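Chain residues, written in single-letter form:
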Amino acid sequence: MIRFILLQNRQGKTRLAKYYIPLEESEKHKVEYEVHRLVVNRDPKFTNFVEFRTHKVIYRRYAGLFFSLCVDITDNELAYLESIHLFVEILDHFFSNVCELDLVFNFHKVYLILDEFILAGELQETSKRAIIERMGELEKQE
Amino acid sequence: MNPFSSGTRLRDMIRAIRACKTAAEERGVVRKECAAIRASISENDPDYRHRNLAKLMFIHMLGYPTHFGQMECLKLIASPGFPEKRIGYLGLMLLLDERQEVLMLVTNSIKQDLNHTNQYIVGLALCALGNICSAEMARDLAPEIERLLQFRDPNIRKKAALCSIRIIKKVPDLAENFVNPVAALLKEKHHGVLITGVQLCADLCKVSAEALEYFRKTCTDGLVKVLKDVANSPYAPEYDISGISDPFLHIRLLKVLRVLGQGDADASDSMNDILAQVATKTESNKNAGNAILYECVETIMNIEDNGGLRVLAINILGRFLSNRDNNIRYVALNMLMRAIAVDSKAVQRHRATILECVKDSDPSIRKRALDLVCLLVNETNVKPLTKELTEHLEVSDPEFKGDLTAKICSIVEKFSHEKIWYIDQMLKVLSEAGNYVKDEVWHALIVVITNASDLHGYAVRSLYRAVQKARDQETLFRVAVWCIGEYGEMLVNNFGRLDIEEPTTVTESDAVDVLETSIKIHSCDLTSQAMCLIALLKLSSRFPACSQRINNIIGQYKGSFVLELQQRATEFNSIIERHQNMRSSLAERMPVLDEATFSGRRAGSVPAAVSTSQGVSVNLPNGSAKLSTAHVADLLDLSLDDAPAPSSSGGEFLQDLLGVNLMPVSLQPGHIYCVLYESFRMLFLNYNSDPHIFSFSPYYWYLLTNANQAQKRGSDVLLDLLSIGTPPAQSSPSTPQVLSSNTDNRSPLDILDRLSTPSAPSAQVSSTGGNSSMLDLLNGLPSSPPTSEGNGPAHSSVTAFESSSLRLTFNISKQPGNPQMTLIDGSFTNKSQDVFTDFIFQAAVPKFLQLQLDPASGNSLPANGNGSITQKLRITNSQHGKKSLVMRIRISYKVNNKDVLEEGQVSNFPRDL
């Protein structure tokens with residue numbers, strides 16, 4: 001199960017944080033700080049997995065943005081790595097050539113996309129097309 | 001309309017915040033926005049509500065407090081339109097979580113939305129529920145979710161399935177309601193519904209054995225067929241990821257098959273074919289394919305045995321291990337760890353490759369590989385493996401050395417048949433990376449050395465040589481110092497020389513030289529210096545010829561700024577100069593440390609005594625109070641052997657002191673230290689006119705070293721004890737809670753006012769009960785009443801707090817020579833029929849007082865007054881003589897899992913404290 005998802009830039013600014021477990025506000029800030037510290041200095045040749053407390057973080061870097069998923073220690077790392085990429089592809093498609101600024105100004109839409117992709121810490125939909133279509137329908141409701 | 005509430009658009013606010021050049025500027029913008037939003041909230045203006053909340057969410061992401069917006073979420077959720085609801089639910093998930101009570105209020109709105117005619121609104125409600133549902137909500141809304149599992153739109157069905165996972169995790173009892181609907185989901189064609197259904201099925205199997213049995217019987221074949229269809233499906237652009245159709249679904253299916261196959265031969269049998277197909281046919285040149293293979297291997301490892309498949313799986317791992325991609329190697333190592341239980345021989349074949357991975361530059365890989373190597377070690381390969389690892393120690397990254405040394409040490413410890421090999425290996429590790437080893441490692445080495453009586457000489461000589469070469473390794477040095485102190489004479493007389501040793505000539509003054517030069521080195525830390533002093537004292541007795549020189553070295557520390565060193569130096573100095581007759585018995589060799597006890601303690605839980613053969617025995621954690629007192633009495637006897645007793649009441653006094661302190665049944669380790677420490681300190685302060693009492697110190701030091709070695713976290717405590725300036729418990733493992741008077745958001749003045757009012761309604765203050773409880777306490781004491789007139793500490797006792805279920809008694813004593821300080825032993829007694837758990841005591845005092853709370857002796861309080869919790873408090877009254885003590889207390893605990901909070905005020909302290 002995914003415990004939380006973080007999207008941070010190289011400076012450590014959180015662009016998206018989604019927690020599927022209840023955490024105190026102060027604890028969340030600590031987690032975000034620690035995860036950023038863990039991933040930011042790793043060599044690109046290194047594995048995309050780091051142990052984090054009793055869990056592990058699967059992360060992937062896209063330009064200046066780090067996408068990090070914290071998952072259970074027995075979970076399939078490679079699969080989550082693949083799901084990060086799928087999420088990025090969805091974002092890319094939705095914003096057509098996504099960049100950090102898109103995520104900043106449209107953060108609520110990013111959350112909406114994420115909620116169509118992952119729910120309760122589990123994968124909800126694996127088709128990029130289905131999610132994009134669904135987003136179109138939701139936007140019509142506005 | 002208020003001019004402030006018209007506000008800016010979300011986009012403009014984000015721009016304004018981004019345009020800020022400094023953090024202060026940003027805070028200013030945020031403050032202004034927050035003020036505008038608050039104003040708008042208080043006007044209850046529905047038009048801007050969702051824009052305001054969107055802004056608040058952004059502000060929240062930046063890390064500013066936004067709790068004032070929580071109610072706005074609820075209002076938005078209750079409003080009719082989709083855009084408002086969307087922001088409302090988003091805010092609900094971001095700003096609140098399941099622990100907030102506000103959530104109770106939203107249950108009804110969610111329920112209505114789950115029954116809404118607009119399926120997009122149903123989707124929003126499901127999403128929120130899946131992410132923040134609490135147990136209560138789960139119970140209330142489970143029927144709605146069950147119904148939605150059969151909703152016509154697949155988007156709702158898949159959301160409902162994931163929501164159900166959250167519900168059964170929160171309330172496992174509800175699992176049975178979901179079994180039938182899930183069986184239907186597993187037959188779906190829609191991938192989204194299928195993948196969530198499969199996940200729900202796996203989670204149901206986890207929480208309910210009946211569900212597992214049911215799915216195993218009725219769905220195994222169906223799921224195998226689904227996997228077959230997915231694996232053989234033609235190219236489907238919608239789900240294609242690098243040439244594989246929906247790897248995520250593959251993985252979910254493999255996972256659920258693993259759950260079903262585990263421990264059931266029939267089910268395992270029915271999935272063999274498809275597993276073999278997946279394992280052989282899946283493309284392994286892309287991450288997606290490898291993810292599937294990895295999952296497949298795990299499933300093969302976990303289902304019932306099929307030799308052929310397992311060979312296939314191990315081969316896949318072998319291929320992974322030699323892959324160039326670090327990620328793939330990492331998962332291979334991960335999986336090999338689990339494969340070891342299944343087929344350790346096959347894993348052993350990859351030993352060389354795994355050992356290479358220990359040397360990888362990526363810490364994640366190294367760590368995995370090291371763990372795996374430790375599992376591979378056995379009797380036959382331990383020596384070469386240890387050699388490899390120790391050699392790698394030289395070149396490894398500093399941050400890896402801590403882990404590496406710990407593992408080497410545990411391997412060596414586990415597989416050493418000859419103590420000499422163990423000592424040799426440890427010396428190598430300590431010489432190479434002595435600054436990285438954990439305390440228990442060098443403690444263990446000392447224990448082993450004391451137990452190997454035929455190797456004492458060998459050990460001390462090897463250490464002597466090693467420390468000459470690698471002085472900068474702190475722990476190596478400590479072990480060496482310890483051994484030189486204990487076995488110094490063997491260094492000189494070459495006692496018990498082994499054939500393999502190279503002959504060395506060390507003179508008595510060489511041995512002293514090592515200590516002398518080391519103690520003066522700047523890098524020598526306090527513990528090492530203190531150990532040096534002890535070793536020097538010991539050598540002064542072993543090498544009478546060097547006695548004068550040693551005395552001079554020790555003498556230099558009489559002026560040390562570090563109180564502990566100064567005190568030690570003074571004490572040892574007087575032992576050497578004035579108490580020749582008792583020096584040799586004081587400096588006797590340490591009794592053999594009990595290996596079994598030590599390793600048991602290190603393993604974590606076994607509370608046993610460190611018993612030693614020569615009488616100085618210490619009963620430590622959880623030992624009964626009586627025993628400890630007896631041991632301290634022993635100690636007194638020993639050290640007062642040939643010196644006139646300072647006063648006949650000395651021993652009793654100490655016993656009293658300990659008796660009073662140790663009344664409660666169970667004490668935490670840290671506590672014993674504090675108590676012993678305090679007791680000795682008080683003795684010292686009390687009788688400092690009498691030099692004989694100084695002779696305690698080496699013994700209490702040993703007592704503590706002993707204890708330290710026996711206790712995992714001991715070193716912290718020891719260090720605490722050594723730093724006299726800070727009170728012993730301040731940084732001990734469980735940090736005491738010091739509640740300063742303004743932590744509860746009231747101004748200090750206010751607190752003072754309230755404190756000075758005679759009695760708070762909830763506090764029952766009676767001093768009549770105090771006497772009897774004091775008597776109770778005294779009855780337990782072995783000797784005469786503790787009060788000693790004049791300079792002795794004055795004791796008194798008050799019942800500080802009494803309610804229908806709980807009594808708190810304060811035993812108050814003063815520290816002689818420090819009139820401002822009051823020592824209080826709080827003792828809690830449970831008068832009710834039920835056990836109290838999670839017991840926490842907090843106290844607050846006005847500003848002119850300083851309060852220190854030591855850790856409590858425990859956190860559960862037996863019923864009917866059978867036992868008590870004790871907690872020491874220390875109060876320093878800066879207005880001593882002018883104002884008397886006063887304190888507010890708060891006690892929280894759980895009775896039958898219900899939280900109880902009691903509060904009160906203690907104002908019946910004796911005057912002049």
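Here the structure is a predicted model, which is why all the values come from computation and not from measurement.

Attention shifts here to the overall build of chain B. Of the regular secondary structure elements, chain B holds 40 helices and 10 strands. Out of the 913 residues in chain B, the part that is buried amounts to 58%. Pairs at least 24 residues apart make up 67% of the contacts formed inside chain B by residues separated by at least 6 positions. Roughly 37,900 Å² of accessible area belongs to chain B as shown, and the carbon and sulfur atoms make up 51% of that amount.

Along chain A, the regular secondary structure elements total five helices and seven strands. What you see in chain A, going N to C, is helices and strands ordered as β-β-α-β-β-β-α-α-α-β-β-α. A burial count over chain A gives 61% of its 142 residues as buried. Long-range contacts, defined here as pairs at least 24 residues apart, represent 46% of the contacts in chain A between residues at least 6 apart. For chain A, the computed accessible surface area is about 5,400 Å², with 50% contributed by carbon and sulfur atoms.

With that settled, the discussion passes to the interface of chain A and chain B. Opposite the 59 residues of chain A that make contact, chain B presents 71 residues. Our count for the contact surface shared by chain A and chain B stands at nine salt bridges. For E116(A), the salt bridge identified is with K159(B), shortest N-O distance 2.9 Å. Between chain A and chain B we count 31 residue pairs in polar contact (both at pLDDT 80 or more) in total. Among the secondary structure elements, those contributing two or more residues to the side of chain A that touches chain B are strand 2 (14–19), helix 1 (25–40), strand 3 (49–52), helix 2 (77–94), helix 3 (100–105), helix 4 (107–117), strand 7 (122–123) and helix 5 (128–141) of chain A.

Residues and elements named next belong to chain B. Look at helix 24 (residues 419–433) against helix 26 (residues 456–469): their axes get within 11 Å of each other, and the N-to-C directions meet at 20°. Classified by the interaxial angle, the pair formed by helix 24 and helix 26 is roughly parallel. Along this stretch, helix 24 crosses helix 26, giving a crossing that reads as right-handed. Listed contacts from helix 26 to I420, D424, L427 and S431 of helix 24 are Y458, S462, L463 and A466. Across the contact of helix 24 with helix 26, the residue classes tally to five nonpolar, two polar and one charged.

The next subject is the side chain of T47(A). One can find T47(A) in the loop between helix 1 and strand 3. Separated by 3.3 Å, the side chain of T47(A) and the backbone oxygen of F49(A) make a polar contact. Not counting residues within four places of it along the chain, the set of residues in contact with T47(A) comprises R42(A), Y59(A), N326(B), N327(B), Y330(B), D362(B), S364(B) and I365(B).

A few words on the packing of helix 5 (residues 70–78) of chain B against helix 6 (residues 82–95) of chain B. Residue and element names in this part refer to chain B. Where helix 5 contacts helix 6, the axes come no closer than 7 Å and their chain directions differ by 145°. Considering the relative orientation of helix 5 and helix 6, their crossing is left-handed. Here helix 5 contributes Q70, C73, L74, L76, I77 and A78 to the contact with helix 6, which in turn contributes E84, K85, I87, G88, Y89, G91, L92 and L95. Its residues assigned to classes, the contact of helix 5 with helix 6 shows nine nonpolar, three polar and two charged.

Residues and elements named next belong to chain B. Here we have three strands laid out as an open sheet, ordered 6-9-10, and antiparallel in their pairing. Single-partner strands in this sheet number two, and they are strand 6 (836–844) and strand 10 (898–906). Between one strand axis and the next, the sheet turns by 15° as a mean value, whatever way the strands run. Here strand 6 pairs with strand 9 (residues 887–895) via seven bridges, running antiparallel. Along strand 9, the bridge assignment pairs T837 with K894.

Below, the discussion takes up the sheet that holds strand 3 of chain A. All names here are of chain A. Strand order in this open sheet of five strands is 2-1-5-4-3, and the pairing throughout is antiparallel. Since the sheet does not close on itself, it has two edges, and those belong to strand 2 and strand 3, each with one partner. Neighbour to neighbour, the strand axes of the sheet diverge by 20° on average, direction disregarded. The pairing of strand 1 (residues 2–9) with strand 2 spans five bridges and is antiparallel. Across the sheet, Q8 pairs through a bridge with T14, a residue of strand 2.

This brings us to the packing of aromatic side chains. Residues and elements named next belong to chain B. For the structure shown, the criterion picks out 16 aromatic pairs over all chains. Between W482 and Y487 the ring centres are 6.3 Å apart and the planes differ by 70°, which places this aromatic pair in the edge-to-face class. Here W482 matches Y487 in class, with each residue buried. Aromatic rings pair up to connect F828, F836, F839, F841 and Y893 into one cluster. It is R38 that lies over the ring of F68; its NZ or CZ is 4.1 Å from the centre. The side chain of R366 reaches across the aromatic face of F400, ending 4.5 Å from its centre.

All names here are of chain A. Here helix 5 contains 14 residues, and its C-alpha end-to-end distance of 20 Å stays within 8% of the 20 Å for a straight helix at 1.5 Å per residue. What helix 5 keeps buried is the set I131, R134, M135 and L138. Taken end-on, helix 5 shows its buried residues confined to a sector of 105°, consistent with a single buried face. For helix 5, the N-terminal cap is S127; the gap from its side-chain oxygen to the backbone nitrogen of R129 is 3.3 Å.

All right, on to the nonpolar core then. Residues and elements named next belong to chain B. Core analysis: the biggest nonpolar cluster contains 266 residues, and L92, F215 and I354 have the highest contact counts within it. With 11 residues, the single largest contributor to this core is helix 27 (residues 474–493). Listed in part, the 31 residues of the second largest apolar core include A843, L853, M887 and F909.

Before going further, it helps to spend a moment on a nonpolar patch on the surface. All names here are of chain B. Judged by side-chain polarity, M71, M104 and L105 come together as a nonpolar surface patch covering roughly 310 Å² of accessible area. Considering the arrangement of structural elements, one finds M71 in helix 5. The exposure class assigned to M71 is partly exposed, which follows from its relative accessible area of 42%.

On to the confidence of the model for chain B. Residues and elements named next belong to chain B. Averaged over every residue, the pLDDT of chain B is 77; the share at 70 or more is 77%. Across residues 1–6 the pLDDT falls below 50, and counting only partners more than four positions away or on other chains, this stretch makes 12 contacts in the model. Counting contacts from residues 603–793, a segment whose pLDDT is below 50, to residues more than four positions away or on other chains yields 299 contacts. In the predicted assembly, ipTM is 0.96 and pTM is 0.67.

Thresholds applied
Residues numbered from 1 in each chain as written. Chains lettered and ligands numbered in written order. Predicted model: local features only at pLDDT ≥ 70, side-chain atom pairs only at ≥ 80, totals over all residues. Heavy atoms only, no water. Helix = DSSP H or I, 4+ residues; strand = E, 2+ residues; numbered from the N terminus. Buried < 20%, exposed > 50% of the residue type's maximum accessible area, 1.4 Å probe, protein only. Contact = heavy atoms within 4.5 Å. Areas by Shrake-Rupley, 256 points an atom, 1.4 Å probe, with all protein chains shown as cover. Salt bridge = Lys/Arg side-chain N within 4 Å of Asp/Glu carboxyl O. Polar contact = N/O pair within 3.5 Å; in protein donor to acceptor, adjacent residues only side chain to side chain. Axes fitted to C-alpha atoms, helices over the stretch in contact; angles between N-to-C directions. Parallel < 35°, antiparallel > 145°, perpendicular 65-115°, else oblique. Left-handed = near helix turned anticlockwise from the far one by under 90°. Nonpolar A, V, L, I, M, F, W, Y, C, P; charged D, E, K, R; others polar. Pairing = 2+ DSSP bridges. Phe/Tyr/Trp six-rings, centres within 6.5 Å; stacked < 30°, edge-to-face > 60°. Lys NZ or Arg CZ within 6 Å of the ring centre and 35° of its normal. Expected span 1.5 Å × (residues − 1). Arc of directions from axis to C-beta. Core = buried A, V, L, I, M, F, W, Y, C linked by side-chain atoms within 4.5 Å. Patch = residues over 30% accessible without salt bridge, like charges linked within 9 Å, V, L, I, M, F, W, Y side chains within 5 Å. pLDDT = per-residue confidence, 0-100.

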